[in-house]
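# Close look at the chain arrangement
For reference, the chains in residue letters:
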Amino acid sequence: EAAFRGWIFTIARRRLVQHWRDAGRRPSRPVAPETLRYLPARDDPELEVVTATDAEAAVRAIAELLSPDQADVVLLRVLGDLDVAQVAEILGKRPGTVRVLQHKALRRLAGKLSLDALTP
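Here's a quick rundown of the structure. A quick note: this is a predicted structure, and the numbers were derived from the prediction, not measured.

### Details of the overall build of the chain
Counting its regular elements, the chain contains six helices and zero strands. Expected size for 120 residues packed as a compact globule is a radius of gyration near 14 Å; at 30 Å, the chain overshoots this value by more than 25%. Taken along the three principal axes of its C-alpha coordinates, the chain extends 85 × 40 × 20 Å. Within the chain, the fraction of its 120 residues that count as buried is 12%. Long-range pairs, those at least 24 residues apart, make up 44% of the contacts in the chain between residues at least 6 apart in sequence. Summed over its atoms, the accessible surface of the chain is roughly 10200 Å², and 59% of this surface lies on carbon and sulfur atoms. Considering the chain, the positive charge centre built from 19 side chains and the negative charge centre built from 16 side chains are found 10 Å apart.

In structure tokens form, the structure reads like this:
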């Protein structure tokens, strides 16, 4: 029984010493909850909603401005971050066809978007 108590107290003492060390390394200072209200959070729900809305608008614009094949290629290549071989396999087309569709789609988008930017 004495050996068991010695073992328990040794563990307890070592845990207490570790607690003191940890508390010294990471001191905490209590703060009133009202002051935290004005600090920015790590995640910004407003920014996430705006970003999602912008992405949805971009997808809609791409779908409206391009043919269905061109829109599929651009969405898979640019937004999906897939390589040409993967897109070709998904769409059932040859890699060369995917490259041509992407090139034409990006030229069409560039022309349309630059014209829209110039005209009110």
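### Regarding unusual backbone geometry
Residue Asp81 is not a glycine yet carries a positive backbone phi of 55°. Mapped onto the secondary structure, Asp81 falls in the loop between helix H4 (68–79) and helix H5 (84–91).

### Digging into the packing of aromatic side chains
Scanning the entire structure with this criterion turns up one aromatic pair. Each ring, one from Phe4 and one from Trp7, has its centre 5.9 Å from the other, and the planes form 45°; the classification is tilted. Here Trp7 and Phe4 lie together in helix H1 (residues 2–25), a separation of three residues that amounts to about one turn. Since its relative accessible area comes to 52%, Phe4 is described here as exposed.

### Notes on the packing of H4 against H5
Look at H4 against H5: their axes get within 10 Å of each other, and the N-to-C directions meet at 140°. Classified by the angle their axes make, H4 and H5 are oblique. Handedness of the H4/H5 crossing: right-handed. Residues Asp72, Val73, Leu76 and Arg77 of H4 lie in contact with H5, whose contacting residues are Val84, Val87, Ile90 and Leu91. Taken together, the residues of the contact of H4 with H5 break down into six nonpolar, no polar and two charged.

### A few points about a nonpolar patch on the surface
Together, Phe4, Trp7, Ile8 and Ile11 make up an exposed nonpolar region whose accessible area comes to about 420 Å². Its place among the elements puts Ile11 in helix H1.

### What to know about the nonpolar core
For soluble globular proteins, nonpolar side chains are generally found buried alongside one another. Formed by Ile62, Leu65, Leu66, Ala71, Val74, Ala105 and Leu109, the largest nonpolar core amounts to seven residues. Counting residues per element, the ones that place at least two in this core are helix H3 (45–65), H4 and helix H6 (95–118). Sequence-distant contacts of Ala71, defined by excluding residues within four places in its chain, comprise Ile62, Ala63 and Leu66. By size, the runner-up hydrophobic cluster in this structure holds six residues, among which are Val73, Val87, Val98 and Leu101.

Cut-offs used in this document
Residues numbered from 1 in each chain as written. Predicted model: local features only at pLDDT ≥ 70, side-chain atom pairs only at ≥ 80, totals over all residues. Heavy atoms only, no water. Helix = DSSP H or I, 4+ residues; strand = E, 2+ residues; numbered from the N terminus. Rg over C-alpha atoms; globule rule 2.2 N^0.38 Å. Buried < 20%, exposed > 50% of the residue type's maximum accessible area, 1.4 Å probe, protein only. Contact = heavy atoms within 4.5 Å. Areas by Shrake-Rupley, 256 points an atom, 1.4 Å probe, with all protein chains shown as cover. Lys, Arg positive; Asp, Glu negative; His and termini not counted. Charge placed at Lys NZ, Arg CZ, Asp CG, Glu CD. Phe/Tyr/Trp six-rings, centres within 6.5 Å; stacked < 30°, edge-to-face > 60°. Axes fitted to C-alpha atoms, helices over the stretch in contact; angles between N-to-C directions. Parallel < 35°, antiparallel > 145°, perpendicular 65-115°, else oblique. Left-handed = near helix turned anticlockwise from the far one by under 90°. Nonpolar A, V, L, I, M, F, W, Y, C, P; charged D, E, K, R; others polar. Patch = residues over 30% accessible without salt bridge, like charges linked within 9 Å, V, L, I, M, F, W, Y side chains within 5 Å. Salt bridge = Lys/Arg side-chain N within 4 Å of Asp/Glu carboxyl O. Core = buried A, V, L, I, M, F, W, Y, C linked by side-chain atoms within 4.5 Å.

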